[in-house]
Amino acid sequence: TYWSPISQKVSDTTKNYNELACYIELEKRTGIHINFQHPPFGQEKEQFNLMMASNDYPDLIWYTWTDIPGGPAKAVNDKAIIKLNDAIDKYAPNLKKAFGKYPDSRKDSMLDDGTFYMFPFMKPDKAVRTVYGPQFRKDWLDKLQMKVPVTIDEMYEVLKAFKEKDPNGNGQKDEIPFVSQKLNEIKYLSAAWGLDYGIYIGKNTIKYGPIEPAYRNYLSTMRQWYKEGLIDPDFLTNDAKQFDAKITGNKAGAFFGLASGNMGRYMNLMLEKDPKYELVGAPWAIGPGGNSYNTHTDAVRPITGPGLAITTKNKYIPESVKWCDYQYSDEGSLLMNFGIEGESYKMVNGYPTYTDLILKNPKGLTPDQAVARYATTFGATMIYDSRYIEQIMALPQQKAAMKTWAQGDTSLTLTTITPTSEESSKLASIMNSVNTYRDEMFGKFVLGQEPMENYDKFVQTIKNMKIDDALKAYQAALDRYNNR
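Conventions we followed
- Residues numbered from 1 in each chain as written.
- Predicted model: local features only at pLDDT ≥ 70, side-chain atom pairs only at ≥ 80, totals over all residues.
- Heavy atoms only, no water.
- Helix = DSSP H or I, 4+ residues; strand = E, 2+ residues; numbered from the N terminus.
- Buried < 20%, exposed > 50% of the residue type's maximum accessible area, 1.4 Å probe, protein only.
- Contact = heavy atoms within 4.5 Å.
- Phe/Tyr/Trp six-rings, centres within 6.5 Å; stacked < 30°, edge-to-face > 60°.
- Lys NZ or Arg CZ within 6 Å of the ring centre and 35° of its normal.

## Regarding the side chain of N337
Then, in step 1: Position of N337 among the secondary structure elements: in helix α14 (residues 330-338).
Then, in step 2: For N337, a relative accessible area of 0% corresponds to the buried category.
Then, in step 3: With residues near it in sequence (within four places) discarded, N337 still touches Y354, V371, A375, T377, M382, I383, Y384, D385 and Y388.

## Overview of the environment of I211
Then, in step 1: Mapped onto the secondary structure, I211 falls in the loop between β8 (205-208) and α10 (213-227).
Then, in step 2: Residues I211 and S260 lie 49 residues apart in sequence; the distance between their C-alpha atoms is 34 Å.
Then, in step 3: Discounting chain neighbours no more than four positions away, the residues touching I211 are Y455, V459, I462, I467 and L471.

## Description of the packing of aromatic side chains
Then, in step 1: Counted according to the given criterion, the structure contains 36 aromatic pairs.
Then, in step 2: Considering the side-chain rings of F48 and Y63, the 3.7 Å spacing of their centres and the 5 degrees angle between planes classify their relative orientation as stacked. You can see F48 sitting in helix α3 (residues 44-54) and its partner Y63 sitting in strand β3 (residues 60-63), a full 15 residues away along the chain.
Then, in step 3: Ring geometry for Y226 and F235: centres 6.1 Å apart, planes at 70 degrees, overall edge-to-face.
Then, in step 4: Linked through ring pairs, F121, F338, Y345, Y354, Y384 and Y388 together constitute an aromatic cluster.
Then, in step 5: Lying across the ring of Y481, K107 places its NZ or CZ 4.5 Å from the centre.

Next comes the structure, spelled out in structure tokens:
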């Protein structure tokens, strides 16, 4: 039994991973049948917590273990999941080989004491990790004879032109220069000031952006942009549907988003409605921080969170480990990334090439949806293959955007550290309150409801909430990580 949240790409077309071609074929090759259990979409965390509290576990659980109270160390100590070191030594030669080839993935898959607790979804190639960044309406830039902005000042000039010069051509000043879904996108603009909206690393020291001097300048700039109408007035309340509607409704000029789930989807959706519609990936803006910093976590993390743990209820440990390990082999990697040879892909001069069933699906599925019927590129015990991205990102604009974003400096971004149970409890109690207060005050400062003269009081309030204790806990965890 294998408990796993279901990917939206899969839920668009089927109900259970048992129906995917790669898992059907995997059963034929290994002789092991998996019974997948999926919580209702959107209820994953609640269902996981209920399952863990009941002490009634399936054999295998796919989850982001660093997100649970006490972290993965507590799950091992509480005898919910097993320590995998001996089992990997005995039954997982392919994973050991992969760890030897990709030492960063090995380092991010373990706890500070060397305990392996999960089979990871490995993204060793930076090419498959730099999938998120700033995007602008290229057709609007061309119309206004403006270049893709590189600095925060150039970005300001572009957004101002989007506001004032009617690039959508309807004779009205209805353009929304920069759109954000709540704080999801606007927070990334802080990178131009050489900091993060939350926890980050500055010269190997853990810092919290909102109490750094440069954050005041970031905040006052966002306030000014909002006052000038360059930021969506509804940014604090926009949900995913409203965000999509503004971008596909010919209103939005710029936003942060994914190369596939945003850029590719929007350009395909707009093909018939507006053939001139085009997006371009811009560099992460250089500002007072003096560098093009990319602070999206995926860009720096070879292991991006979730992984497969074996529970203490599992009576088939050797079989479970061998089944997982096969997926890291050369044959297993082809199966999990590309599906069935002759159906979803063909080998062309040694390159696994998707067929028209995937790239030009007769039922109208997007390449993302079509490949999700055959392979598990949304996450499994496997090594993510960059040749998937090269083909699924079919548009030249997507490929160019990912190359642009890959030039960004990721040194500010915190990798996958694992606080101890005690540290996790302390961080949860402090950071939940601090981050809630930060978000509330960000909105008030930007909307002009709070005078900037109160910024020092804002910083002091965060310090009174014991942010320094949290920073010490994060620093201790980072130091242990660096010593792994």
